[in-house]
Amino acid sequence: MTRLSLFLGVAAFAATASAQAAELPAEIKQAGTLKLTVNSTYAPMEYRDPATSELVGLDIDLANELARRLSVKIVWSETPFAELIPSLQTKRADFIISGISDRASRRETADFIDYLTTGPQFFVLNEHEAKAAADLCGKKVGTTRSTSFPVEIEKWSKQNCEAAGKPAIQYVPGENSIDVRNQLKQGRIDAAVQGSETLPYAQGQEPGKYRVVGEPFAIGYQGIMFRKDDAVLREVVTEHLAAMIADGSYKKILDKFGLGANAVARPMMNAAPQ
Amino acid sequence: MRAAPTLAEGFPDLSQMQIAREIHWRRWLAAAAIIVVLVAIGRAFAAGQIEWSYVSRFLTAKVILQGIVNTMVMAVLAMALGIVLGVVVAIMRLSPNPVLKSVAAGYTWLFRGTPLILQLLLWFNLALVFPTIGIPGLWTARAVDVMTPFLAALLGLGINQGAYTSEVMRAGMLSVDAGQYEAAQAIGMGRLRALRRIILPQAMRVVIPPLGNEFIGMVKATSLASVIQYPEVLHNAENIYYANSRVIELLIVAGCWYLLVVSILTPLQMLLERRFARGTARINR
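Nothing here was measured: the structure is a model prediction, and the numbers come from that model.

Trainee: Could you clarify how one ought to interpret the overall build of chain B in this entry?
Mentor: Scanning chain B from N- to C-terminus turns up eleven helices and two strands. For chain B, the sequential pattern of α-helices and β-strands runs α-α-α-α-α-β-β-α-α-α-α-α-α. For 285 residues, the compact-globule formula gives about 19 Å, and the C-alpha radius of gyration of chain B, at 28 Å, lies well above that figure. Along the three orthogonal principal directions, the C-alpha set of chain B runs to about 105 × 70 × 30 Å. Here chain B, with 285 residues, has 28% of them falling under the buried criterion. Within chain B, contacts between residues separated by at least 24 positions form 73% of all contacts whose residues are at least 6 apart in sequence.

Right, dumping it as structure tokens:
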């Protein structure tokens, strides 16, 4: 906790005195490039624009703005969601900003700088009879198997279905969020779970197709993931992120994707409640 | 009786000399170099960031064992489907009937011409096109209840395999001498009967080595079914490392099982080859 409060102090200080910005690690500064890896199947956080095939999204815009302020170029690469953490560990990526939730289980291998609120959200096809989340007890619910959502569904089911004497949710694995939505359309599953920040986009793509059920059933944050031994880079990025929040450029990017409501007041380290 | 031949004057008698063993120093050198490299690799892995305790713990974990059983079930069933389709299509391909011929050629073209993973995804997502399937008036069902991950994987792998196997079978049938067909005809056998009694038994000898090859390929190709949620060994290993982030450890676990299975299959192929090679001279080739 002392580390966190110390850090918040640093961040607050940085926000007011960004002229004295910390230096990038020599290696990155020398190369002039930042190596970033994303899993581009998670619109609107990061995805390939269907028309231009360019990498776009909220994370992409945030990273580009950071890079502009750090005067470095970004070299993007892509990987399946499950390979994001290994990419960080093997230094294929300098840090990870790719719609990844700050989870205690992941903090063993990385530190998170939380920058966006999120939460797993149940949704169904519009014509489905489920009205409240509790209606999904005993039903088949699918989500991407490489995320933290399977564990969270199980936890929710224990507390809200089994504790109330109802049958548990039957979890069905999917490969990524598109696959999960396909399973939903085919009727392989009754409901699906995605991060709440990605649902407005999916609903915009297929208007009238999906309906959210209940509120996000856990509160969490998306975090930028850093290697544990990479405190220098972590603090530089945090400082600039704090500055972006302070001067409104952060909010502007969030608004562009209709996610202004998911803003955080300041970057926080490993702060997501579990 | 003639006296034993004696050496001419001036030639030394070599008959008593020992033959010295040649020292293959290049071989020794190569072997030593290889051992050094292997030891270095072994040491690197032993010292690397691998928690070997995870490997030994998960090697016999229940989900992994269930996974390898599912892998083998799928490999055997898909290969069986592939062989049945392969034989039928090869016979059609070699038939004088132009309709059968073009159907067979079209099948091979279609299923050999698209990637296996694409076909698996198509089968799995078929319900997007046909929400219900069935026989009109008799029986209908939701497509997703029929097209389970198991059936989607079986159809995807088996039908794709059939396209390849048909070519192996065709090669086997072509390898049987034309005189055998003619002789069968001469004693009044029909085409199918000649195939069954004369041609296919002889073709078997030729097709077993490539079929063994294909089957080993199939064992590993089942891992592609992980993307359509068939719980084979790689799928289950992935699920474990999604939760505990021990990527390399779990990949090693899955790798060990694949190697073990293939090591068992190789001598089985030898036995099968020997059986079908009865009656030919080159028995152990």
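Trainee: Just to check I follow, could you spell out the sheet that holds strand 13 (residues 268-269) of chain A for this structure?
Mentor: Backbone-to-backbone hydrogen bonds join strands into a sheet, with any given pair of strands oriented parallel or antiparallel. Residue and element names in this part refer to chain A. Here three strands make up an open sheet; going across it, the order is 12-6-13 and the pairing antiparallel. Edge positions in the sheet fall to strand 12 (220-227) and strand 13, since each has one partner strand and no second. As paired strands, strand 6 (residues 110-118) and strand 13 are joined by two bridges and run antiparallel to one another. Looking at the pairing, Ile 113 lines up with Met 269 of strand 13.

Trainee: Explain the interface of chain A and chain B to me, please; I cannot follow it from the model alone.
Mentor: Size of an interface: often given as the accessible area lost when the parts come together. Facing 13 residues of chain A, the contacting portion of chain B comprises twelve residues. Counting only elements with at least two residues in the side of chain A that touches chain B, the list comes to helix 4 (84-89) and helix 6 (177-186) of chain A. At three residues, the largest contribution of residues to the side of chain A that touches chain B is made by helix 6 of chain A. Partitioned by chemical class, the residues of the side of chain A that touches chain B number four nonpolar, five polar and four charged.

Trainee: Can you help me understand the packing of helix 3 (residues 62-93) of chain B against helix 4 (residues 98-112) of chain B in this one?
Mentor: Axes are the key here: two packed helices are described by the angle between their axes and the distance separating the axes. Residue and element names in this part refer to chain B. Two elements in contact, helix 3 and helix 4, have axes whose closest approach is 7 Å; the angle formed by their N-to-C orientations is 130 degrees. With respect to helix 4, the axis of helix 3 lies oblique. For the element pair helix 3 and helix 4, the recorded crossing hand is left-handed. On helix 4, the residues touching Val 89, Met 92 and Arg 93 of helix 3 are Leu 100, Lys 101, Val 103, Ala 104, Ala 105, Tyr 107 and Thr 108. Of the residues assigned to the contact of helix 3 with helix 4, the class counts are seven nonpolar, one polar and two charged.

Trainee: Please explain the nonpolar core as it appears in this structure.
Mentor: Nonpolar side chains tend toward joint burial in soluble globular proteins. In terms of nonpolar packing, the biggest core is built from 46 residues, with Phe95(A), Ile96(A), Ile113(A), Ile224(A), Met225(A) and Leu241(A) touching the most fellow members. Taken together, the elements giving at least two residues each to this core come down to strand 1 (33-38), helix 3 (58-70), helix 4, strand 6, strand 12, helix 8 (231-247), helix 9 (249-256) and strand 13 of chain A. Looking at this core element by element, the count peaks at seven residues for helix 8 of chain A. In this structure, Leu85(B), Ala143(B), Leu211(B) and Val219(B) belong to the second largest nonpolar core, which totals 38 residues.

Trainee: How should I be thinking about helix 5 (residues 149-162) of chain A in this particular structure?
Mentor: All names here are of chain A. Look at helix 5: 18 Å from first C-alpha to last across 14 residues, which is about the 20 Å you get at 1.5 Å a residue. Within helix 5 the residues assigned to the buried category are Phe 149, Pro 150, Ile 153, Trp 156 and Ser 157. Considering only its buried residues, helix 5 is in contact with strand 7 (120-125), strand 8 (140-144), strand 9 (170-174) and strand 10 (191-195).

Trainee: What's the story with the sheet that holds strand 3 (residues 46-48) of chain A in this structure? I'm lost.
Mentor: Residues and elements named next belong to chain A. Taken in spatial order, the three strands line up as 2-3-4 in an open sheet, and their pairing is antiparallel. Looking at strand neighbours, the two that pair on one side only are strand 2 (41-42) and strand 4 (55-56), the edges of this open sheet. Bridge count for strand 3 against strand 4 is two bridges, and the pairing is antiparallel. For Tyr 47, the partnering residue across the bridge sits in strand 4 and is Val 56.

Trainee: Looking at this model, I keep getting lost on the packing of helix 3 of chain B against helix 7 (residues 149-175) of chain B. Mind explaining?
Mentor: Residue and element names in this part refer to chain B. The interhelical angle for the contact between helix 3 and helix 7, taken along N-to-C directions, is 45 degrees, at an axis separation of 6 Å. Considering the angle they form, helix 3 stands oblique to helix 7. The way helix 3 lies across helix 7 gives a crossing that is right-handed. Among the residues forming the contact of helix 3 with helix 7, the class breakdown is 17 nonpolar, seven polar and two charged.

Trainee: How do you make sense of helix 3 of chain A when you look at a structure like this?
Mentor: Working note: α-helix, 3.6 residues per turn, so residues spaced by three or four point in the same direction. All names here are of chain A. For helix 3, built from 13 residues, the straight-helix expectation of 18 Å at 1.5 Å per residue is met to within 8% by its first-to-last C-alpha distance of 18 Å. Where helix 3 is concerned, the buried positions are Leu 58, Asp 59, Ile 60, Leu 62, Ala 63 and Leu 66. Taken together, the buried residues of helix 3 touch strand 1, strand 3, strand 4, strand 5 (73-78), helix 8 and helix 9. Of the residues trailing helix 3, Ser 71 is marked for its positive phi of about 50 degrees.

Trainee: Quick question: what am I supposed to make of the domain arrangement of chain A here?
Mentor: Residue and element names in this part refer to chain A. Domain assignment breaks chain A into domain 1 (2-118 + 220-269) and domain 2 (120-213). On a C-alpha basis, the centroid separation for the pair domain 1 and domain 2 is 28 Å. When contributions to the side of domain 1 that touches domain 2 are tallied by element, the ones reaching two or more residues are strand 2 and strand 6. The residue inventory of the side of domain 1 that touches domain 2, partitioned by class, reads eight nonpolar, six polar and one charged.

Conventions and cut-offs
- Residues numbered from 1 in each chain as written.
- Chains lettered and ligands numbered in written order.
- Predicted model: local features only at pLDDT ≥ 70, side-chain atom pairs only at ≥ 80, totals over all residues.
- Helix = DSSP H or I, 4+ residues; strand = E, 2+ residues; numbered from the N terminus.
- Rg over C-alpha atoms; globule rule 2.2 N^0.38 Å.
- Buried ≥ 20, exposed ≤ 12 C-beta atoms within 10 Å, placed from the backbone.
- Contact = placed C-beta atoms within 7 Å.
- Pairing = 2+ DSSP bridges.
- Nonpolar A, V, L, I, M, F, W, Y, C, P; charged D, E, K, R; others polar.
- Axes fitted to C-alpha atoms, helices over the stretch in contact; angles between N-to-C directions.
- Parallel < 35°, antiparallel > 145°, perpendicular 65-115°, else oblique.
- Left-handed = near helix turned anticlockwise from the far one by under 90°.
- Core = buried A, V, L, I, M, F, W, Y, C linked by C-beta atoms within 7 Å.
- Expected span 1.5 Å × (residues − 1).
- Domains from an automatic or database assignment.

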